[in-house]
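Each chain, letter by letter, is given below.
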Amino acid sequence: MMICMSNDFTNYVKILGRGKKGARSLTVTEAEHAMSLMLAGKVAPEQSGAFWMLIRIREETVEETVGFTKATRAYLSKKQPLGIKVDLDWPAYAGKRNELPWFLLAALALSNTGVKIVMHGHTFEGENRWYVEHAISQLGLAVCQSREDVKRALETTNFAYLPLAKVDPMLGGMMNLKYVLGLRSPVNTVVRMMNPFFADHSVHGVFHRGYDQLHLAACEQLGDASVLVFRGGNGEAEVNPERDVTLGKWQHGMASWSDWPKAEKEHKRLKDNLDLSRLTDHWRGDQLDQFGEQAVRQTIASVAGLLYGVASHEDCLVLADDIWAKRDRAYFDSVA
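Structure report, in brief. (Residues numbered from 1 in each chain as written. Predicted model: local features only at pLDDT ≥ 70, side-chain atom pairs only at ≥ 80, totals over all residues. Heavy atoms only, no water.)

Structural notes on the layout of surface pockets
Note the following rule: Using a 1 Å grid laid over the protein atoms alone, points where a 1.4 Å probe fits but cannot get out form a cavity; open sets with protein on both sides within 12 Å along at least 5 of 7 lines form a pocket; any residue with an atom within 4 Å of a point counts as lining. Grid points are joined across faces, edges and corners, and a volume is the space filled by probe spheres set on the points. The way it works is that DSSP assigns letters per residue, a run of H or I at least four long becomes a helix, a run of E at least two long becomes a strand, and they are numbered from the N terminus. For this classification, the nonpolar set comprises Ala, Val, Leu, Ile, Met, Phe, Trp, Tyr, Cys and Pro, the charged set comprises Asp, Glu, Lys and Arg, and every other residue, Gly included, is treated as polar.
For the largest pocket, the calculated volume is near 560 Å³. For the largest pocket, the lining is made up of 24 residues, of which Arg56, Arg184, Asn188, Phe207 and His208 are closest to its centre. Secondary structure elements with two or more residues in the lining of the largest pocket: helix 11 (187–193), strand 4 (201–206) and helix 12 (211–222). Ranked by the residues each element gives to the lining of the largest pocket, the list is headed by helix 11, at three residues. Its residues placed into classes, the lining of the largest pocket shows six nonpolar, nine polar and nine charged. One number sums up the size of the second largest pocket: a volume of about 210 Å³. Lining the second largest pocket we find His208, Arg209, Gly210, Asp212, Gln213, Arg231, Arg243, Asp244, Val245 and Thr246. Elements with a minimum of two residues in the lining of the second largest pocket: helix 12 and strand 6 (245–251). Grouping the constituent residues of the lining of the second largest pocket by class yields one nonpolar, four polar and five charged.

Description of helix 1 (residues 7–16)
Worth spelling out the cut-off: The classification of residues rests on relative accessible area computed with a 1.4 Å probe and restricted to protein chains. Under 20% of the type maximum is buried, over 50% is exposed, and intermediate values are partly exposed. Think of the arc as the fan of directions from the helix axis to the C-beta atoms.
Of the residues making up helix 1, those classed as buried are Phe9, Tyr12, Val13, Ile15 and Leu16. Take helix 1 and look down its axis: the buried residues cluster within an arc of 160°, on one side only.

Let's talk about the environment of glutamate 242
With respect to the helices, strands and loops of the structure, glutamate 242 is situated in the loop between strand 5 (226–231) and strand 6. Using a relative accessible area of 33% as the deciding quantity, one classes glutamate 242 as partly exposed.

Some points on the packing of aromatic side chains
What counts here: Pairing of aromatic rings covers Phe, Tyr and the six-membered ring of Trp, with a centre-to-centre limit of 6.5 Å; geometry is then stacked below 30 degrees between planes, edge-to-face above 60, and tilted otherwise. Comment: the charge-over-ring label is applied if NZ (Lys) or CZ (Arg) is within 6 Å of the ring centre and within 35 degrees of the ring normal.
Evaluated as defined, the whole model comprises 12 aromatic pairs. Aromatic pair phenylalanine 124 and tyrosine 179: ring centres 5.7 Å apart, planes at 70°, arrangement edge-to-face. Residue phenylalanine 124 is found in the loop between strand 2 (117–121) and helix 6 (132–138), and its partner tyrosine 179 is found in helix 10 (residues 178–181); the two are separated by 55 residues along the sequence. Assessed through its relative accessible area of 46%, tyrosine 179 is described here as partly exposed. Between tryptophan 283 and tryptophan 324, the ring centres sit 5.4 Å apart and the planes meet at 90°, which makes this aromatic pair edge-to-face. With a gap of 41 residues between them, tryptophan 283 in helix 13 (residues 277–284) and tryptophan 324 in helix 15 (residues 313–325) connect regions that are remote in the sequence. No difference in accessibility class separates tryptophan 283 from tryptophan 324, as the two residues are buried. Among the aromatic side chains, those forming a connected cluster through ring pairs are Phe9, Tyr12, Phe51, Trp52 and Phe68. In this arrangement the basic side chain of arginine 231 is found over the ring face of phenylalanine 207, its NZ or CZ atom lying 6.0 Å from the centre.

Focus: the side chain of glutamate 236
Counted only if it meets this: Polar contacts, as counted here, are pairs of nitrogen or oxygen atoms within 3.5 Å of one another; within protein the pair requires one atom able to donate a hydrogen and one able to accept it, and residues that are adjacent in sequence qualify only if both atoms are side-chain atoms. Here, residues are in contact when the closest pair of their heavy atoms is within 4.5 Å.
As for its position among the elements, glutamate 236 is in the loop between strand 5 and strand 6. Of note is the side chain of glutamate 236, whose polar atom sits 3.2 Å from the backbone nitrogen of alanine 94. Of note is the side chain of glutamate 236, whose polar atom sits 2.8 Å from the backbone nitrogen of glycine 95. Those residues in contact with glutamate 236, other than ones at most four positions away along the chain, are Pro91, Ala92, Tyr93, Ala94, Gly95, Lys96, Phe103, Gly205 and Phe230.

Describing the nonpolar core
Under the convention used in this document: By nonpolar core is meant a set of buried Ala, Val, Leu, Ile, Met, Phe, Trp, Tyr and Cys residues that side-chain atoms within 4.5 Å join together.
Ranked by size, the top nonpolar core spans 53 residues in total, and within it Trp90, Leu104, Met119, Phe159 and Ile300 carry the most contacts. Filtering out sequence-adjacent residues up to four positions away, methionine 119 remains in contact with Trp90, Ala92, Phe103, Leu104, Ala107, Val132, Phe159, Ala160, Tyr161 and Leu162. Within the second largest apolar cluster, 43 residues are counted, among which are Phe51, Phe68, Leu177 and Ala199.

Some remarks on the pairing of strand 7 (residues 254–260)
For the record, the criterion: We treat two strands as partners when DSSP finds at least two bridges between them.
Looking at chain direction, strand 6 and strand 7 are connected through seven bridges and run antiparallel. Within strand 7, the residue paired with valine 245 across the bridge is tryptophan 260. In textbook terms, the turn of a hairpin is the stretch between consecutive antiparallel strands, and for strand 6 and strand 7 this stretch comprises two residues, one of which, histidine 252, has a positive phi near 55°.

With respect to unusual backbone geometry
Unusually for a residue other than glycine, glutamate 59 sits at a positive phi of about 75°. Relative to the assigned elements, glutamate 59 resides in the loop between helix 3 (45–58) and helix 4 (62–77).

A closer look at the state of the cysteines
The cut-off we apply is this: Note on terminology: disulfide denotes any pair of cysteine sulfur atoms within 2.5 Å.
Applying the stated criterion to the full structure yields zero disulfides. A disulfide-free cysteine, cysteine 219 has its sulfur positioned 19 Å from the sulfur of cysteine 316, the nearest such atom.

Describing the sheet that holds strand 3 (residues 159–163)
Under the convention used in this document: For helices, the fitted line uses only the C-alpha atoms of the stretch in contact; every axis is such a line through C-alpha atoms, and the angle between N-to-C directions lies from 0 to 180 degrees.
With mixed pairing, seven strands are arranged side by side in an open sheet as 3-2-1-4-5-6-7. Looking at the sheet topology across the chains shown, the edges are occupied by strand 3 and strand 7. Each adjacent strand pair in this sheet contributes to an overall mean axis angle of 20°, direction not counted. Pairing between strand 1 (residues 88–92) and strand 2: five bridges, direction parallel. If you follow leucine 88 over to strand 2, its bridge partner there is isoleucine 117. Each of strand 1, strand 4, strand 5, strand 6 and strand 7 touches helix 14 (residues 290–308); the most contacted strand, strand 5, lies at about 150° to it.

Given below as structure tokens:
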């Protein structure tokens, strides 16, 4: 016999699923409570699946996003005994389809200048996507297994990658509902917004138009300090040099938008060539990758603009070129 684990949570499923005329979205308070129940393990998997799919059908609202994120941050705040100081939070959950994760080089170049970065993500095995964890592992970089590992990695290299299941098993389990449901859920928004180590700055990549606006509107209600969000390559926080990009920024208590044109320099995209030597050769300067050069340069520029308060595209590119020039070309030799 199926036993309902939470009558409170059943009410939330009813609110969402009463039909076209009776259903409504959740308030911030309701969404926060619902997420708290899930994170506390008080919700049956069937309830959780129904809940997320009902929201997935119409997409999450700003209020729901705020509530889910508030609950998640409150939950994660209890897991911070180490006093880890992070400059930049970099969620990486989308995976790449036809290209390598060039944004990893952008993050590493920034970390080489002293910016302490925590990247976190999730891998759906069996999908036709190249997740950043695959690249990190095969390049000889550490995949952290705990907060202690993160602290050590930041102290030695200024960069750490932590899988979502190691951030928290409950969140990892929510993401893995995709294997049962067949669709990604609004949990994908939550893990981008959660900032698990409470970094000073965050960069969010989104895939669908409109989610950048949702993220910034939620940032306002959450009281976030400094967030960059844009529609990136395959949904990752990586500027695609083949198309124009609109950068959304929440900083100093206000939202701003800037349109950057696609890269002017000609480049040849080596579609479906997922040989990781392209990353390491480009990093070392042994062989210039035309697509990678522009993807890395534009991505560094976008994030550096957030970190250092630089507004114009041209000035951000100058800053990016300086950051890239200062990278440790022997970095992959030392970590291998």
